[in-house]
Amino acid sequence: MCGIFGYIGTRTASPILVEGLRTLEYRGYDSAGIYVPGYGAVKAVGPIDNLAKKIKETIPGTSGIAHTRWATHGAPTETNAHPHTDQSGSIFVVHNGIIENYTLLKEGLKVQGITFESDTDTEVLTKLIGINYSGDLLEAVQRTLRMVQGTYGLAVMSEHEPEKIVVARMGSPLVIGICEDGNIIASDPSAIVSHTKDVIYLDDGDMALIEKDSYQIMSFEGRGREKTTEKIEWDLEEIKKDGYDHYLLKEIMEIPKAIENTLRGRLIPDKGRVKLGGLEKHSDKLSGLHRLTIVGCGSAAYAGEVGRYILEEYAGVPTTVELASEYRYRTNLKDSKSAVLAISQSGETADTLAAIRLAKKQGLGTFGIVNVVGSTIARENDAGVYNHAGPEVSIASTKAVISQITVLIMLAVFIGRERKMSLEDGKDIIEALQSLPKEIEKVLEQREEIEKIAKKYAQFQNFVFIGRNNHSPLASEAALKLKEITYIHAEGYPGGELKHGPIALLDEKFPVVAFAPQDHVYEKIVSNIEEIKARKAPVLAIANTGDDQVSHLVDDVIYVPKVHPIIQSIVSIVPTYLLAYYIGIEKGYNVDRPRNLAKSVTVE
Ligand code: F6R
C-alpha cells in the first residue's frame, strides 16, 4: 500500500528513483512523485510512466526520495501526491500509513498561520516537521514524531541538508539496502534487490539517518540501536515477467514451482512426517492445542478456511478462522491452550498484524504462515513457516494462496502425527503432496480450453460460485478473484446455502460455477446443480476427469484430476484463477493492477 524509495550515493539519483518506483508500482498506482535536492519535486497522476514522461531530462543530483501512492486521504491528484513540502518549501516528505491525529494537528498549525493545499495527512506531517526545523533535520523529525499518532513509514529530506535522508518506521515497513555506491531505502526489498542483497529491516520505533557512506539506526529518542544485516534470498529474475504478458499469468503458471519450493526439504516420506524447522521447538504446544484460531484477510483467510477443514479432519485440532479485522475488535475468550496462527503473503497486512499483537498481549502463542521473509508479521510471531513461494507481484494473490494451503496440509501432518494420524495416513498425504506439482501441471495444460470458456462467460454481469466441504471456502476465493480482476459481481456460497436465498437471483443470465469433485459430498453438490439447472442458470462445473454424470447436467466443464481429498481443493482452485485471468483479458482490463487495490494493505 503505497511505496517509498530513496537513494543517496555517488550515482545520478533520478533514474534510480524512477526505476525503484516501477518495482514498487504494484503497491499503489494512483499517482507518484520524486524529490531531488536542488531541483524540487516532480509529481504526476496515474502510473509511473506518466511521471517518467514528465521528467524529460535526467535531473542532476545524487540523492532523492520517491513515492507511489494508493490514496487514503484525498483523491489521486497531483496536489495530493507525494513528496509533500513544508511551508518554507525546503522540507520534503514521502509517507506510507495514516496519521490518525492529523485533524487536530492541522487545526493547531492553521492557528500558527500555516496553509494547506492538499487533503492529505502527510502534508500536515510535513508542515509540522517544517515548524520543528531549526537547522537539524534529524532533530526536527524526532520532535515531530513525539506529536503524531498513527502508522507510518516515512522518508524526509531538506534542501538545507541534501546529504541526509531521515527515515522512521511505526507500523509501515522500511528496509535499508547497503550498496557499494551508496545507500537505498525502500518500503519493500523487491525495490532493492537489483542494487544489493544486503538489507537491514527497520522495526517499529526505529528511525535512521542515512548518508551516502553511512547509516545510523536509533530510537525516536535518539538512542543508538544495533541491527544485523540480512541477505535477500531471491533473485531479481524472480520479479520479472519472464516472457508472460502479465505477472498474474506468470504467477499462476508458477504454481507447481511454488509448491515444490514450499515443500522442499520438509517432507519425510518414510516416517509419514514433515519437518517444519521453525515449529520444532513448539511441537509440544502445537500438539496439545485445545483450539487454533487462524487469522488473515481476503484470500489468506479463505486459505485458512480450507485449512480449518483439513486440520479438524486430519489432525483433530478444533480450528476457528477469523477475519483479522474482526478478531482485533471483538471480545476474545482466552484459553491458555489455544494459539493464533496468522496467514499473510506480504507479512505486513495491518489487521493481521494487529490481531497477532492482540493475541500476544493476551498471552496466547502466536504462529505465522508468511511469504515475505523478514516482514513484520514473520518477525513478530513466536514461530512460523515461510512459504518460499517466491515474490508475488500481481495484486491478486494466487501462487501464495496455493502455497498457504500447502503449508496448512503440512501443519496438519506435523500436528496430526503427534495426535491421531497413523503412519499410513501420514505416508499417503506426503505422497499426495509430492504429486501435487505434476497434477497442477495437468490443469495448467488446459489453458487454451479455459480461455475459450472464459470468452463465453465474459458477457455475464453476475456469478455465483458454489462448493461444499473444503471446496466451500474455495467458492468465496474464486468469487473474490473474479470480482477483483474483472469487476464482475460474484459471490461464493456453500452449495447447501443456495436455496436459503441466493437461488432467487438465478436465471439464464446468472451463471453458477460449481466445484463438484467426487468426494463424500459429491451427491449433494450434484443435487444443488440440478436445482440450479431447474432455474435455467448456465452452469460451469469444475469436475474430476471422466465424470460423465456432471458433464451431462451442466453447460460447460473444466476437468481436474481426481487426487487425494486433502489436496483436491488446491487442484480445483487453479482453473478458476485462469478463468478470472482470461475474463479480465477479454474485458480489456489491467489484470495485474485492478483499480482501487494495492498489494499489501498496511492501513486499517
Ligand atoms: C486477493 C488478495 C487479498 C489478500 C489480502 C491479504 O486476491 O490478494 O485478498 O489475500 O489482502 O494479504 P496478505 O496475504 O498479504 O496478508
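Here we come to the site of the ligand. Ser344, Gln345, Ser346, Thr349 and Glu484 are the nearest of the 14 residues found near the ligand. A distance of 2.5 Å separates an oxygen atom of the ligand from a polar side-chain atom of threonine 349. Isoleucine 395 is positioned with one of its backbone polar atoms (N or O) 3.5 Å from an oxygen atom of the ligand. Only α9 (298-315) and α16 (472-486) provide two or more residues apiece to the shell around the ligand. Of the residues that constitute the shell around the ligand, the class distribution is five nonpolar, seven polar and two charged. Each of domain 2 (239-443) and domain 3 (446-590) contributes no fewer than three residues to the shell around the ligand.

The next subject is the domain arrangement of the chain. Partitioning the chain into structural domains gives domain 1 (3-232), domain 2 (239-443) and domain 3 (446-590). The centre of domain 2, based on its C-alpha atoms, is set 25 Å off from the matching centre of domain 3. With 35 residues of domain 2 at the contact, the number on the domain 3 side is 32 residues. Around 2900 Å² of area is buried between domain 2 and domain 3 when both sides are counted, 77% of it from carbon and sulfur atoms. It is Tyr302, Tyr309 and Val443 in domain 2 that bury the most area against domain 3; as a group they hold 23% of the surface buried on that side.

Let's shift gears to the side chain of serine 63. Note on placement: serine 63 falls in strand β4 (residues 63-69). Taking relative accessible area as the criterion, serine 63 reaches 6% and is therefore assigned buried. In this structure the side chain of serine 63 is engaged in a polar contact, spanning 3.1 Å, whose partner is the backbone oxygen of proline 162.

On inspection of all chains with the given rule, the structure shows 31 salt bridges. For the salt bridge of glutamate 221 with arginine 223, the shortest nitrogen-to-oxygen distance reads 3.7 Å. Per residue, the accessibility class of glutamate 221 equals that of arginine 223, and both read exposed. Arginine 328 is the partner of aspartate 351 in a salt bridge, and the nearest nitrogen-oxygen pair spans 2.6 Å. Of the two residues, aspartate 351 sits in helix α11 (residues 350-361) while arginine 328 sits in the loop between α10 (324-327) and β19 (338-344), which places them 23 residues apart along the sequence. Across this residue pair, the class does not change: aspartate 351 and arginine 328 are buried. Several salt bridges converge on common partners, so that one network encompasses Asp203, Asp206, Arg225, Lys227 and Arg379.

We now examine the pairing of β19. Taking burial as the measure, the seven residues of β19 include seven buried ones, the bulk of the element. Of the two faces of β19, the one carrying Ser338, Val340, Ala342 and Ser344 and the one carrying Ala339, Leu341 and Ile343 are both buried. Judged from the five bridges that link them, strand β17 (residues 291-296) and β19 form a sheet pairing that is parallel. Bridge pairing in β19 places threonine 293 opposite valine 340. Strand direction decides the pairing type here: β19 and strand β20 (residues 365-370), joined by six bridges, are parallel. By the bridge assignment for β20, leucine 341 is matched with phenylalanine 367. This β-α-β element, β19 to α11 to β20, shows right-handed connectivity.

Read from one edge of the open sheet, five strands run β23-β22-β24-β25-β26, paired in parallel fashion. The sheet is open, and its two edges are formed by β23 (489-494) and β26 (556-560), each paired on a single side. Each strand of the sheet is rotated relative to its neighbour by a mean of 20°, with strand direction disregarded. Where strand β25 (residues 539-544) lies against β26, five bridges are found, and the strand directions are parallel. Of the residues in β26, the one forming a bridge with leucine 540 is aspartate 556. Sheet strands in contact with helix α15 (residues 447-457) are β22 (462-467), β25 and β26, and its direction is about 150° off that of β26.

There is a patch of like negative charges on the surface, built from Glu424, Asp425, Asp428 and Glu431. Positionally, glutamate 424 belongs in helix α14 (residues 423-444).

On to unusual backbone geometry. Both trends apply: most residues other than glycine have a negative phi, and most peptide bonds are in trans. With an omega of 0°, the peptide bond between histidine 82 and proline 83 qualifies as cis. Checked against the element boundaries, proline 83 lands in the loop between β4 and β5 (84-85). Look at asparagine 469: it is not a glycine, yet its phi comes out positive at around 55°. Within the secondary structure layout, asparagine 469 lies in the loop between β22 and α16. Taking the relative accessible area as the measure of exposure, asparagine 469 reaches 23% and is therefore partly exposed. Not every positive phi belongs to a glycine, and asparagine 596 is a case in point at roughly 65°. Tracing the backbone through its elements, the reader meets asparagine 596 in the segment after α19 (565-586).

Bringing the packing of α9 against helix α13 (residues 399-416) into the picture now. Their axes nearest at 9 Å, the elements α9 and α13 cross at an angle of 25°. What the angle tells us is that α9 and α13 run roughly parallel. You can see that α9 and α13 cross each other, and the crossing is right-handed. Taken together, the residues of α13 that come into contact with α9 (itself represented by Ser299, Ala300, Ala303, Gly304, Val306, Gly307, Ile310, Leu311, Tyr314 and Ala315) are Val401, Gln404, Ile405, Leu408, Ile409, Leu411, Ala412, Ile415 and Gly416. Among the residues forming the contact of α9 with α13, the class breakdown is 14 nonpolar, five polar and no charged.

Between its first and last C-alpha atoms helix α1 (residues 13-24) spans 16 Å; for twelve residues at 1.5 Å apiece the expected length is 16 Å, and the two agree. Turning to α1, its buried residues number three or more, namely Ala13, Ser14, Ile16, Leu17, Val18, Gly20, Leu21 and Leu24.

Right, let's get into the sheet that holds β4. Backbone-to-backbone hydrogen bonds pair the strands of a sheet. The strands run either parallel or antiparallel. Judged by pairing direction, the sheet is antiparallel, and its eight strands sit side by side in the order β3-β2-β4-β1-β10-β9-β11-β14 without closing on themselves. Looking at which strands have only one partner, the edges of the open sheet turn out to be β3 (40-45) and β14 (230-231). Summarising the sheet, strand β9 (residues 175-179) and strand β11 (residues 198-201) pair through three bridges and their orientation is antiparallel. Its bridge partner lying in β11, glycine 177 is registered against valine 199. Strands in contact with α1 are β1 (3-9), β2 (31-36) and β4; relative to β1, the strand with the most contacts, it is inclined by about 155°.

Parameters and conventions
Residues numbered from 1 in each chain as written. Predicted model: local features only at pLDDT ≥ 70, side-chain atom pairs only at ≥ 80, totals over all residues. Heavy atoms only, no water. Near = heavy atom within 4 Å. Polar contact = N/O pair within 3.5 Å; in protein donor to acceptor, adjacent residues only side chain to side chain. Helix = DSSP H or I, 4+ residues; strand = E, 2+ residues; numbered from the N terminus. Nonpolar A, V, L, I, M, F, W, Y, C, P; charged D, E, K, R; others polar. Domains from an automatic or database assignment. Contact = heavy atoms within 4.5 Å. Buried area = accessible area lost by both parts, 1.4 Å probe. Buried < 20%, exposed > 50% of the residue type's maximum accessible area, 1.4 Å probe, protein only. Salt bridge = Lys/Arg side-chain N within 4 Å of Asp/Glu carboxyl O. Pairing = 2+ DSSP bridges. Right-handed = clockwise from strand over helix to strand, strands pointing away. Axes fitted to C-alpha atoms, helices over the stretch in contact; angles between N-to-C directions. Patch = residues over 30% accessible without salt bridge, like charges linked within 9 Å, V, L, I, M, F, W, Y side chains within 5 Å. Areas by Shrake-Rupley, 256 points an atom, 1.4 Å probe, with all protein chains shown as cover. Lys, Arg positive; Asp, Glu negative; His and termini not counted. Charge placed at Lys NZ, Arg CZ, Asp CG, Glu CD. Parallel < 35°, antiparallel > 145°, perpendicular 65-115°, else oblique. Left-handed = near helix turned anticlockwise from the far one by under 90°. Expected span 1.5 Å × (residues − 1).

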